Amino acid sequence: MKLVLATLALSMAAAPAMAATGPFFSLGNTDFVVLLAFLLFVGVLLYFRVPREVGKLLDKRADGIRAELDDARGLREEAQSLLASFERKQKDVQTQADRIVSNARDEANRSAEQAKVDIAKSIQRRLTAAEEQIQSAQDKAVRQVRDEAVTVAVAAARQVITDQMTAQRADKMINESIQTVGAKLH
């Protein structure tokens, strides 16, 4: 209402309205007719309570905007809580993934150490088996050499004895052997 009165006062004091020729309050003056039309228009607006309706519409719109802002705040808070929840879950998942990777790394290291120990044991067993085989082969070779040496010695002794043995000497040796056996038996 104050706005309407201020507009009316300003329109009366306007310089073009004072510059018109002739009496101001006559229907021949277009400025006066325009002023009357404007006042009539403002009067009709006031009569039909258009400013109140416009105010109600603006209040209703402001209430709608306020409600939308409240909804938006609620949605924002919900989104922030969801974001915080997802960040916690992501942190938990990251922690769990780090723990899984660490466990896998530790298990791999333990497996590698166990494999090293197993390989060392296997190598030791193989070395022991190879040494035993070598020792067995050496023993066998020594036995074969001894056996061969005995065989050669027996053959050589036979040859020497047959070359040096006479009948008389053979009889003497047989008699000595019988006496030795007889002495040992009694």
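Since this is a predicted model, take the numbers as computed values, not measurements.

Undergrad: It is not clear to me how the overall build of the protein should be interpreted in this structure. Could you clarify?
TA: The secondary structure content of the protein amounts to 5 helices and 0 strands. Here the protein holds 186 residues, and 3% of them are scored as buried. Accessible area of the protein: about 16,300 Å², with a carbon and sulfur share of 62%.

Undergrad: Even after reading the chapter, I still don't get unusual backbone geometry, so can you show me in this structure?
TA: For Arg 49, which is not a glycine, the phi torsion comes out positive at approximately 55 degrees. Along the chain, Arg 49 falls in the loop between α3 (30-47) and α4 (50-164). Overall, Arg 49 belongs to the partly exposed group, its relative accessible area being 48%.

Undergrad: In this structure, what is going on with the pattern of salt bridges? I would like to understand it.
TA: Any two side chains of opposite charge can pair, given that their charged atoms come close. Scanning all chains against the criterion turns up 5 salt bridges. Arg 73 serves as the salt-bridge partner of Asp 70, at 2.7 Å between the closest nitrogen and oxygen. Of the two residues, Asp 70 and Arg 73 both sit in helix α4, 3 residues apart, roughly one turn of that helix. Relative accessible area serves as the criterion here: at 42%, Asp 70 is assigned to the partly exposed category. Across the salt bridge formed by Lys 116 and Glu 113, the nearest N and O atoms sit 3.7 Å from each other. Highlighted residues: Lys 116 and Glu 113, both in helix α4, separated by 3 residues, approximately one helical turn.

Undergrad: Even after reading the chapter, I still don't get the environment of Leu 36, so can you show me in this structure?
TA: Inspection of the secondary structure puts Leu 36 in helix α3. Sequence-wise, Leu 36 and Phe 25 are 11 residues apart; in three dimensions their C-alpha atoms are separated by 9.9 Å.

Undergrad: What should I look at first to understand the environment of Asn 29 in this one?
TA: Relative to the helices and strands, Asn 29 resides in the loop between α2 (15-19) and α3. Only 3.1 Å separates the side chain of Asn 29 from the backbone nitrogen of Asp 31, close enough to count as a polar contact.

Undergrad: I keep staring at the confidence of the model for the protein and nothing clicks. Help me out?
TA: In low-pLDDT segments, the atomic positions of the prediction should not be examined closely. Of the residues in the protein, 88% have a pLDDT of 70 or more, and the chain-wide mean is 86. When mean pLDDT is taken per element in the protein, α3 scores highest with 93 and α2 scores lowest with 49.

What counts, and where the lines are drawn
Residues numbered from 1 in each chain as written. Predicted model: local features only at pLDDT ≥ 70, side-chain atom pairs only at ≥ 80, totals over all residues. Heavy atoms only, no water. Helix = DSSP H or I, 4+ residues; strand = E, 2+ residues; numbered from the N terminus. Buried < 20%, exposed > 50% of the residue type's maximum accessible area, 1.4 Å probe, protein only. Areas by Shrake-Rupley, 256 points an atom, 1.4 Å probe, with all protein chains shown as cover. Salt bridge = Lys/Arg side-chain N within 4 Å of Asp/Glu carboxyl O. Polar contact = N/O pair within 3.5 Å; in protein donor to acceptor, adjacent residues only side chain to side chain. pLDDT = per-residue confidence, 0-100.

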